[in-house]
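Tertiary structure, described
Here's the letter readout for the chains.
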Amino acid sequence: MRVLIRLCLALVMSGVYGQAGSAAFPDRPIHIVVPFPPGGPVDVVARIVGPRLGERLGQSVVIDSIAGDDGIKGSDFVAKAPPYGYTLLLASSTHTIHPGTYSKLPFDTEKAFAPVSLLVASQLILVVNPSLPVDSVEELIAYARNHPGKLRYASGGLGGPTQLAFELFKITTGVDITHAPYDGGAAALNAVVGDEAQVMMAPIIAALPMIRDRRLRGIAVSGAHRAPAAPELPTIAETLPGFTAVTWFGVLAPAGTPMAVINRLSSELDHIVHEPDTVKQFAALGGEPVGGSPATFAALIRAEIPKWVRVAREAGIHIE
């Protein structure tokens, strides 16, 4: 009986402590884990948002790079961190691609994390080598159907967003275009410029300068609406209704983080991404601020995982 009483008291006190901890949040530095090497787009987004979050919360925000295994190592670190809101993950769209491309992950992508806030989204541009006689999505589809297996599409690597986006294009249109993987997006773009490959779904910020100096021809953008950075380009969806393949960046917490903490973080982040200075910095990267509630971010994750699982399966993309 005494053991039972002590157990009940412990549970009551832990509940009280948890509520007090949530009310006092934050009372120490917050760590944002970037699961990719420093200098990449995930790191850049973290360093735009992190200092502003620290100012609004009145605590320092530390950016920690825990790179490895295509972002899985850092994600796993956060999944297993104490769920108090002091260790967060700056996730990208690869987070919802991995369940389809990897045979095994050390965590459940949906269940191990609590969505906090979507931050920014960035479209891809469908580009071609200028020597290819196509100026539209319709013309590219027609050319590929008339020359099956003759075109090569470049990507920044096996299982990455640029490959998955183009495989979605292939599945949607039924065209036969061969994959040519390269070590990173810059090498892939240079391959299209040099006509080693003829077409690519390229990150908008990297492709625009090459389009403007006519080393590449831009055909269309990959989002549901035209991109502010390239408003003259139509969307792929204007030809293929419903087509979207957008890269995004958002904040996740370990599952079990108190909802009061998640809501506080989400509210602050939503404010930050819509501040004029932040919008300008995102625009310079070809990004558009999104923000929104944890539920909005959760809905995106739930929709994206089965989408990319299907694409990876149909394209035969498998990483051990």
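Mapped onto the elements, E304 comes out in helix α11 (residues 294-315). Here W248 takes part through its side chain, which lies 3.0 Å from a polar atom of the side chain of E304. The residues contacting E304, other than those within four sequence positions of it, are T96 and W248.

Okay, the pairing of strand β7 (residues 178-181) next. One ladder, built from four bridges, connects strand β6 (residues 152-155) with β7; its direction is parallel. If you follow S155 over to β7, its bridge partner there is P181.

Once that is clear, we can look at the packing of helix α7 (residues 185-193) against helix α8 (residues 204-212). Here α7 crosses α8 at 25°, and the two axes come no closer than 11 Å. Relative to α8, the element α7 is oriented roughly parallel. Relative to α8, α7 is oriented so that their crossing is right-handed. Where α7 abuts α8, its residues L189, N190 and V193 lie against A206, A207 and M210. Tallied by class, the residues present in the contact of α7 with α8 amount to five nonpolar, one polar and no charged.

For the protein, the average pLDDT comes to 92, and 93% of its residues sit at 70 or higher. The low-confidence segment residues 1-22, where pLDDT is below 50, has three contacts with residues more than four positions distant or belonging to other chains.

Here is what the cut-offs are and how they apply
- Residues numbered from 1 in each chain as written.
- Predicted model: local features only at pLDDT ≥ 70, side-chain atom pairs only at ≥ 80, totals over all residues.
- Heavy atoms only, no water.
- Helix = DSSP H or I, 4+ residues; strand = E, 2+ residues; numbered from the N terminus.
- Polar contact = N/O pair within 3.5 Å; in protein donor to acceptor, adjacent residues only side chain to side chain.
- Contact = heavy atoms within 4.5 Å.
- Pairing = 2+ DSSP bridges.
- Axes fitted to C-alpha atoms, helices over the stretch in contact; angles between N-to-C directions.
- Parallel < 35°, antiparallel > 145°, perpendicular 65-115°, else oblique.
- Left-handed = near helix turned anticlockwise from the far one by under 90°.
- Nonpolar A, V, L, I, M, F, W, Y, C, P; charged D, E, K, R; others polar.
- pLDDT = per-residue confidence, 0-100.

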